[in-house]
Amino acid sequence: MPTFTTYDGTELAYHVRGDGEPLICLPGGAMRASEYLGDLGGLTAGRRLVLLDLRGTGASAIPADESTYRVDHQVDDVEALRVHLGLERVDLLAHSAGGNLAQLYAAGRPERIRRMVLVTPTAWAVDLPVTPEDRMEAARLRAGREPYDSAIEAYGRILADGGGGSDADWELAAPLFYGRWDETARAHCAANARQQNEKAADAYAGAGAFDPAVTRAGLRRVAGEVLVLAGELDGNPRPALAAGLAALFPRGVVDVQPGAGHFPWLDDGVWFAGRVEGFLADGA
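The rules behind the values
Residues numbered from 1 in each chain as written. Predicted model: local features only at pLDDT ≥ 70, side-chain atom pairs only at ≥ 80, totals over all residues. Heavy atoms only, no water. Axes fitted to C-alpha atoms, helices over the stretch in contact; angles between N-to-C directions. Helix = DSSP H or I, 4+ residues; strand = E, 2+ residues; numbered from the N terminus. Parallel < 35°, antiparallel > 145°, perpendicular 65-115°, else oblique. Contact = heavy atoms within 4.5 Å. Nonpolar A, V, L, I, M, F, W, Y, C, P; charged D, E, K, R; others polar. Pairing = 2+ DSSP bridges. Core = buried A, V, L, I, M, F, W, Y, C linked by side-chain atoms within 4.5 Å. Buried < 20%, exposed > 50% of the residue type's maximum accessible area, 1.4 Å probe, protein only. Phe/Tyr/Trp six-rings, centres within 6.5 Å; stacked < 30°, edge-to-face > 60°.

Participant: Can you walk me through the packing of helix H1 (residues 75–85) against helix H2 (residues 98–108) in this structure?
Facilitator: Each pair of packed helices gets described by two things: the angle between the helix axes and the distance between those axes. Where H1 contacts H2, the two axes come as close as 9 Å, and the packing angle between them is 70°. With respect to H2, the element H1 is oriented roughly perpendicular. Facing Val-75, Val-78, Glu-79 and Arg-82 of H1, the residues of H2 in contact are Leu-101, Leu-104 and Tyr-105. A breakdown of the residues in the contact of H1 with H2 according to their chemical character gives five nonpolar, no polar and two charged.

Structure (structure tokens):
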């Protein structure tokens, strides 16, 4: 497993899978070990995935200063990885909360982006928050059968509690985050407990992490193409919000994967890998 030393002396690890042109992959969670990305639905057939374990997750070291878990402090980790790999420009993929790290990196170093894929990304960095109404709109698309009716009721209680909720309700709501609630999805969901650094996740989007006006201005300087990929059944983000994020880039496009939830490579790996590889190879 390769490692490199980032700007503050923290040793970070990354995992290489597949062959072909490199694709740096930033995990979400927030602060979940990159293991959960797997092979991104078979994207390894045409790409060499460079899966970064963010500081304090997976095989990466815990930083001496744990305030650097805040996402804006991790931008320089991405840059250190680019330099370590010897790449002038990068193809970059980020999932979920990792989308904020990618947005901050692209805004600060727009000349380093060749093409970028944001997979079911959150967009706190540009002040495009997902509302409880967005989340429930997506949840109600599943109404009329179990386990989804029970999941919708539980998710309603979670949202009414401001995103808190009991462990039992979170367990009931879990099927809403996947396009199919099968054995693969259950195992993927169960692994989160051991893969996520909860202390780091709490700090990730802490006070002072974002300056949306500055980030939006930086994104307007990104000359590379950007694909924002939403899941049809995902509430975070809904397709309309994903389109709003894509519109912040000069060459941004949005696509919606049919029948997909928050982890679309698990729902239809062939569709996902084909769409992403096609974009990386030939653009929008």
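Participant: Would you explain the pairing of strand E2 (residues 11–17) in this entry?
Facilitator: Side-chain direction in a regular strand flips from residue to residue, so the side chains alternate between the two faces of the sheet. Pairing between strand E1 (residues 3–5) and E2: three bridges, direction antiparallel. Following the sheet pairing, Phe-4 is matched in E2 by Leu-12. Taking the residues that link successive antiparallel strands as the turn, the E1-E2 hairpin has five residues, and the phi of Gly-9 there is positive, at about 90°. Here four bridges tie E2 to strand E4 (residues 47–52), and the two strands are oriented antiparallel to one another. The residue of E4 that forms the bridge with Val-16 is Val-50.

Participant: Please explain the nonpolar core as it appears in this structure.
Facilitator: Within soluble globular proteins, side chains that are nonpolar generally end up buried alongside one another. With 47 residues, the main nonpolar core has Leu-26, Leu-92, Met-116 and Leu-118 as its most contacted residues. With six residues, H2 is the single largest residue contributor to this core. Formed by 22 residues, the second largest nonpolar core is a distinct cluster that contains Leu-37, Leu-93, Ala-185 and Leu-280.

Participant: For this particular structure, what's the right way to read the sheet that holds strand E3 (residues 21–26)?
Facilitator: Sheets are built from strands that pair by backbone hydrogen bonding, the pairs being arranged parallel or antiparallel. Judged by pairing direction, the sheet is mixed, and its eight strands sit side by side in the order E1-E2-E4-E3-E5-E6-E7-E8 without closing on themselves. Edge positions in the sheet fall to E1 and strand E8 (252–257), since each of these pairs with one other strand and no more. Strand-to-strand, the axes of this sheet are offset by a mean angle of 25°, without reference to chain direction. Here E3 pairs with strand E5 (residues 90–95) via three bridges, running parallel. Bridging from a neighbouring strand, Leu-26 pairs with Ala-94 of E5. Docked against the sheet, H2 engages E3, E5 and strand E6 (113–119), running at close to 145° with respect to E5. Helix H12 (residues 269–282) contacts E3, E4, E5, E6, strand E7 (225–231) and E8 of the sheet and is inclined by roughly 160° relative to E6.

Participant: Sorry, what's going on with the environment of Trp-124 here?
Facilitator: Along the chain, Trp-124 falls in the loop between E6 and helix H3 (132–139). The contacts of Trp-124, once residues within four sequence positions are left out, are Ala-97, Asn-100, Tyr-204, Ala-205, Phe-210 and Pro-212.

Participant: Before we go on, may I ask you to explain the packing of aromatic side chains in this structure?
Facilitator: Two descriptors summarise a pair of aromatic rings, namely the distance from one centre to the other and the angle between the planes of the rings. As enumerated under the stated definition, the model contains nine aromatic pairs in all. Judged by centre distance (5.9 Å) and plane angle (90°), the rings of Phe-263 and Trp-265 are edge-to-face. Residues Phe-263 and Trp-265 agree in their burial class; the two are buried. Aromatic rings pair up to connect Tyr-36, Tyr-178, Trp-181, Phe-263, Trp-265 and Phe-272 into one cluster.

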